[in-house]
Structures are given as C-alpha cells and as structure tokens.
Amino acid sequence: MMRVKNTDKAQAWIIVAVSAVMDFLGILAIPVFLMVGCNLIDYITGLIASKYRQEQINSYKGMRGIVKKVCMWLLVVVGAMVDVLIKYATQTMGFNIQIPFIVATLVAVWIVVNEIISILENLVDIGLPFHHF
C-alpha cells in the first residue's frame with residue numbers, strides 16, 4: 001500500500017480550499033486574489049519605504065495599515081451585498097437577469113488599481129528609478 005506524504009496532503013487541502021473559494025466567488029475570484037496579493041505587496045513595500053521617508057515604524061501605524069486593508073476587503077463584501085440587492089430587486093420586478101458580482105468586481109478592481117499606485121509610490125520612495133517616456 002502506498003503512503004501519502006504529509007506535504008502531499010497539505011497540497012491537496014490547499015488545492016481544495018482554493019478551488020472552493022474560487023467556485024464560491026466565481027467572476028470575483030481573480031480580482032479578490034489580486035487584491036489580497038497587492039495588499040500584501042503594498043504593506044511590505046510601505047514598511048520598507050518608511051525607512052527612506054524617515055518615518056518611525058510602530059505597532060499603531062502597522063495595525064492601522066492592517067485595519068485599512070481589512071476595510072478594503074469589507075468594501076468588496078458591501079459591493080457583493082449591493083449585487084445581491086440588485087438581483088433581488090430585479091427578480092421582484094419580474095426580470096430574471098443573471099447578474100454576477102458586477103459591483104463587487106468593480107470595487108475589487110478599483111482597489112487593485114489603487115494598491116498598484118501605492119506600490120509604485122513606495123518603490124519611488126525606496127529609490128527605484130522610474131524614467132518618464
């Protein structure tokens with residue numbers, strides 16, 4: 001009988017979890033994953049850039065940054081609630097329109113773009129040369 005390694009089990013559970021999240025989120029999955037990735041990159045580059053800005057890093061500022069990122073995720077949840085409300089309203093009026101997470105997706109994309117701008121600002125403050133075209 002073949003034994004399954006713990007790393008294989010862990011990989012399988014990660015694949016199952018990511019697949020379940022992607023299935024639940026549907027069209028919203030990719031923007032949400034990008035948003036979380038950008039949140040992490042922005043937080044890390046912000047910590048690095050604070051040294052070059054001569055800013056003090058402390059637990060208050062760090063926690064405030066984390067709370068801001070969590071609030072961004074909550075904005076996407078609010079967008080999803082608006083999507084559900086729109087779907088309910090259209091069905092109540094007799095329209096059977098299949099609307100995916102349009103508002104939530106737009107909110108997530110807006111946050112991703114905003115986070116990318118913030119990442120670029122952090123990189124400029126770190127000293128990465130950006131040349132104008």
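Rules used in this analysis
- Residues numbered from 1 in each chain as written.
- Predicted model: local features only at pLDDT ≥ 70, side-chain atom pairs only at ≥ 80, totals over all residues.
- Heavy atoms only, no water.
- Helix = DSSP H or I, 4+ residues; strand = E, 2+ residues; numbered from the N terminus.
- Buried < 20%, exposed > 50% of the residue type's maximum accessible area, 1.4 Å probe, protein only.
- Contact = heavy atoms within 4.5 Å.
- 1 Å grid on protein atoms, 1.4 Å probe; cavity = no way out; pocket = protein on both sides within 12 Å on 5 of 7 lines; lining within 4 Å.
- Points joined across faces, edges and corners; volume = space filled by probe spheres on them.
- Nonpolar A, V, L, I, M, F, W, Y, C, P; charged D, E, K, R; others polar.
- Disulfide = S-S within 2.5 Å.

Caption draft 1: Representation of the environment of Val 112 in the model. The topology assignment puts Val 112 in helix 4 (residues 102-126). Using a relative accessible area of 9% as the deciding quantity, one classes Val 112 as buried. As for Val 112 and Asn 122, which are separated by ten residues in sequence, their C-alpha atoms are 15 Å apart. Excluding anything up to four places from it in sequence, Val 112 contacts Pro 31, Leu 34, Met 35 and Cys 38.

Caption draft 2: Region of the structure containing the layout of surface pockets. Estimates place the volume of the largest pocket at around 630 Å³. Going through the elements one at a time, helix 2 (29-52), helix 3 (59-92) and helix 4 are the ones with two or more residues in the lining of the largest pocket. Per element, the largest residue contribution to the lining of the largest pocket is eight residues, and it comes from helix 3. Classifying every residue of the lining of the largest pocket gives seven nonpolar, eight polar and nine charged. Computed from the structure, the second largest pocket encloses a volume of approximately 180 Å³.

Caption draft 3: Molecular detail of the state of the cysteines. Within the structure shown, the criterion is met by zero disulfides. Between Cys 38, a free cysteine, and Cys 71, which holds the nearest cysteine sulfur, the sulfur-to-sulfur gap is 18 Å. With a relative accessible area of 40%, Cys 71 lands in the partly exposed category.

Any link to function would need more than the numbers given here.
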